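The residues making up each chain are set out below.
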Amino acid sequence: MSNNDFSRGAIENNPAWAQLLGLCPLLAVSNSIANALGLALASGFVLLGANTSISLLRKIIPDVARLPCFVLIIATFTTVAVMVLEAYAFDLYTRIALFIQIIVTNCMILGRAEAFASRQPVGRAIVDALGTATGFAIALLALGAVRELLGNGTLFNDMELLVGSLGADWQLTIFTSAPLPLAVYPPGAFLLAGLLFAAVKALTATQSGPTAKKEVEKETGTANDAVRRANP
Amino acid sequence: MTELGLILIGALLVNNFVLAQFLGLCPFMGITKSYDTAFATGLATTFVLALAAVISHLIYHGILVPLDLTYLNIILFIVVIAGLVQLIQVYLHATSPVLHQLLGIYLPLITSNCAVLGVTLLAINQNLTLLQTLTFAIGAAAGFTLVMVLFGALREQLQQASLPEAFAGTPIALISAGLMSLAFMGFQGIGS
């Protein structure tokens, strides 16, 4: 049961490519692995905190006021994430500050709160949060790795901003001059994300057959689906 | 005056919120399936964005800074935006049924539109004055609407196009957005 919750959140219902949630940070912060990992950890922390506390409080939160309550809980955890990053990874924080602050409006987190955490016991809510956060991290890191490699010719550049002096010599220089500098600019983010999503779609289509894929798409295809359902 | 003009053009074209700063992508990808809905969403967002930025600016500099509570900004701004959206909904429902019907279903979604919170936070981070904040918000919202409408029209065409199955839907939309973003990079030279 728990394993199902995890892999459903991470792979089948992946927030990025299956549900198109959290696209803004996905495209904005994926220009290097260090940035991508920083945002993935911060979002994961907020998601875990929000899912856990909403699940614990689900019997107390009145149904009519549930969305404002969820948003306030998420905003509180976002503020905590901002403070922690400001204190321990300030240089990294200044590079991705805005996108850490707007984690609060990431529809992925509100979507999980509304669709899952507010109806399930705390154990399942935690597993669901971990699965969804892992799925988001996979998408962020995949896009981050490709964009850094093509746009900068390196992998794991500037990791010391996130892990301290430990990461100073992690950088791998694959190409001495960047093969496609456009990749780190905004157009590169859109183009490579489009190609990544197409690749995922092609892979899942061959695995489960074209008809099954179409049904999944109908269920999860539209962005903001969870939020839309939450606002009657 | 020139300074305000530069802020307006900067937010509208050079640093377009959707194509250069990646804010408001959820409605951009989710709602722009047709021209009409794109336009209605753009209008509703413009309205909320301008009001939210100004009210947040007043609260931040009038209450949070004097009381040394600036770390509460995220929580407070999201409450302002959500409250504003709710108020506008109630107001429109009571006074203008036509407008309410036109914008009604798009209004609740604005709360979770990161462009609104993003503009509000950017205006605070850059220490803009009240007038500059208003100009910045209007420029950003106009840029958002412009791109939404252009992309809405484009996507009506895309739905007719015959594509490899893997590219149908979102992937081709993202790639088209990438090409638009490339075009918008051409504005980079303005004002520098």
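Here is what the cut-offs are and how they apply
Residues numbered from 1 in each chain as written. Chains lettered and ligands numbered in written order. Predicted model: local features only at pLDDT ≥ 70, side-chain atom pairs only at ≥ 80, totals over all residues. Contact = placed C-beta atoms within 7 Å. Helix = DSSP H or I, 4+ residues; strand = E, 2+ residues; numbered from the N terminus. Nonpolar A, V, L, I, M, F, W, Y, C, P; charged D, E, K, R; others polar. Buried ≥ 20, exposed ≤ 12 C-beta atoms within 10 Å, placed from the backbone. Core = buried A, V, L, I, M, F, W, Y, C linked by C-beta atoms within 7 Å. Axes fitted to C-alpha atoms, helices over the stretch in contact; angles between N-to-C directions. Parallel < 35°, antiparallel > 145°, perpendicular 65-115°, else oblique. Left-handed = near helix turned anticlockwise from the far one by under 90°. Expected span 1.5 Å × (residues − 1).

S.K.: Mind laying out the interface of chain A and chain B, listing which residues take part and the relevant values?
M.R.: Contacts between the two partners involve 38 residues from chain A, matched on the other side by 35 residues from chain B. Of all elements in the fold, only α2 (23-29), α4 (66-88), α5 (90-101), α6 (107-117), α9 (186-220) and α10 (225-230) of chain A reach the threshold of two or more residues within the side of chain A that touches chain B. Top element by residues in the side of chain A that touches chain B is α9(A). It accounts for eleven residues. Class assignment of the residues belonging to the side of chain A that touches chain B gives a composition of 27 nonpolar, nine polar and two charged.

S.K.: Give me the environment of B:Leu163: which residues, what numbers.
M.R.: Structurally, B:Leu163 can be placed in the loop between α8 (130-158) and α9 (170-185). What B:Leu163 contacts, discounting residues up to four positions off in sequence, is B:Ala168 and B:Ile172.

S.K.: Lay out α6(A) in plain terms, naming residues and giving numbers.
M.R.: The periodicity of an α-helix, 3.6 residues per turn, causes residues three or four positions apart to be oriented the same way. The element α6(A) is largely enclosed, with a buried count of ten among its eleven residues. Taken together, the buried positions of α6(A) are A:Cys107, A:Met108, A:Ile109, A:Leu110, A:Gly111, A:Arg112, A:Ala113, A:Glu114, A:Phe116 and A:Ala117.

S.K.: Before we move on, could you go through the nonpolar core and cite the residues and values that matter?
M.R.: One finds A:Leu27, A:Ile74, A:Ile100, B:Leu49 and B:Val119 to be the most contacted residues of the largest nonpolar core, which totals 129 residues. Looking at which element gives the most residues to this core, the answer is helix α3 (residues 33-56) of chain A, with eleven residues. When residues no more than four places from it in sequence are discounted, the contact partners of A:Ile100 are A:Leu39, A:Ala42, A:Ala81, A:Val82, A:Leu85 and A:Tyr93.

S.K.: I'd love a proper account of the environment of A:Val163, names of residues and values included.
M.R.: Relative to the assigned elements, A:Val163 resides in helix α8 (residues 160-163). Residue classification places A:Val163 among the partly exposed positions, given that 15 C-beta atoms sit within 10 Å.

S.K.: Before we move on, can you summarise the packing of α4(A) against α6(A) with the specific residues and values?
M.R.: All names here are of chain A. At a closest axis distance of 10 Å, the pairing of α4 and α6 adopts a crossing angle of 130 degrees. Taken together, the axes of α4 and α6 are oblique relative to one another. As for how α4 packs across α6, the hand of that crossing is right-handed. The segment α4 lies against α6, with Phe70, Val71 and Ile74 engaging Ile109, Leu110, Ala113 and Glu114. Partitioning the contact of α4 with α6 into residue classes produces six nonpolar, no polar and one charged.

S.K.: Got a sec to walk through the environment of B:Leu69? Specific residues and values, please.
M.R.: Within the secondary structure, B:Leu69 sits in the loop between α3 (35-67) and α4 (73-95). Each C-alpha atom, one on B:Leu69 and one on B:Cys114, is 23 Å from the other, the two residues being 45 residues apart in sequence.

S.K.: Could you give me a rundown of the packing of α8(B) against α9(B), with the residues and numbers involved?
M.R.: Residues and elements named next belong to chain B. With their axes 11 Å apart at the nearest point, α8 and α9 run at an angle of 135 degrees to one another. With respect to α9, the axis of α8 lies oblique. Note that α8 runs across α9; the crossing there is right-handed. The residues of α9 that touch α8, namely those facing Phe151, Leu154, Arg155 and Leu158, are Ile172, Ala173, Ser176, Ala177 and Met180. Classifying every residue of the contact of α8 with α9 gives seven nonpolar, one polar and one charged.

S.K.: Run through unusual backbone geometry, naming residues and quoting values.
M.R.: All names here are of chain B. You will see that Asp68, though not glycine, has its phi angle at about 60 degrees, which is positive. Note on Asp68: 7 C-beta atoms within 10 Å, which makes it exposed. Of note in the backbone geometry, Asn127 takes a positive phi value of approximately 55 degrees without being a glycine. With respect to the element layout, Asn127 can be found in the loop between α7 (114-125) and α8.

S.K.: Which residues make up α7(B), and what values go with them?
M.R.: The first and last C-alpha atoms of α7(B) sit 16 Å apart over twelve residues, in line with the 16 Å expected at 1.5 Å per residue. The buried count for α7(B) comes to eleven of twelve residues, which makes it a mostly enclosed element. Those residues of α7(B) not exposed but buried are B:Cys114, B:Ala115, B:Val116, B:Leu117, B:Gly118, B:Val119, B:Thr120, B:Leu121, B:Leu122, B:Ala123 and B:Ile124. Looking at the buried side of α7(B), the elements it contacts are α2 and α5 of chain A together with α3, α4, α6 (107-110) and α8 of chain B.

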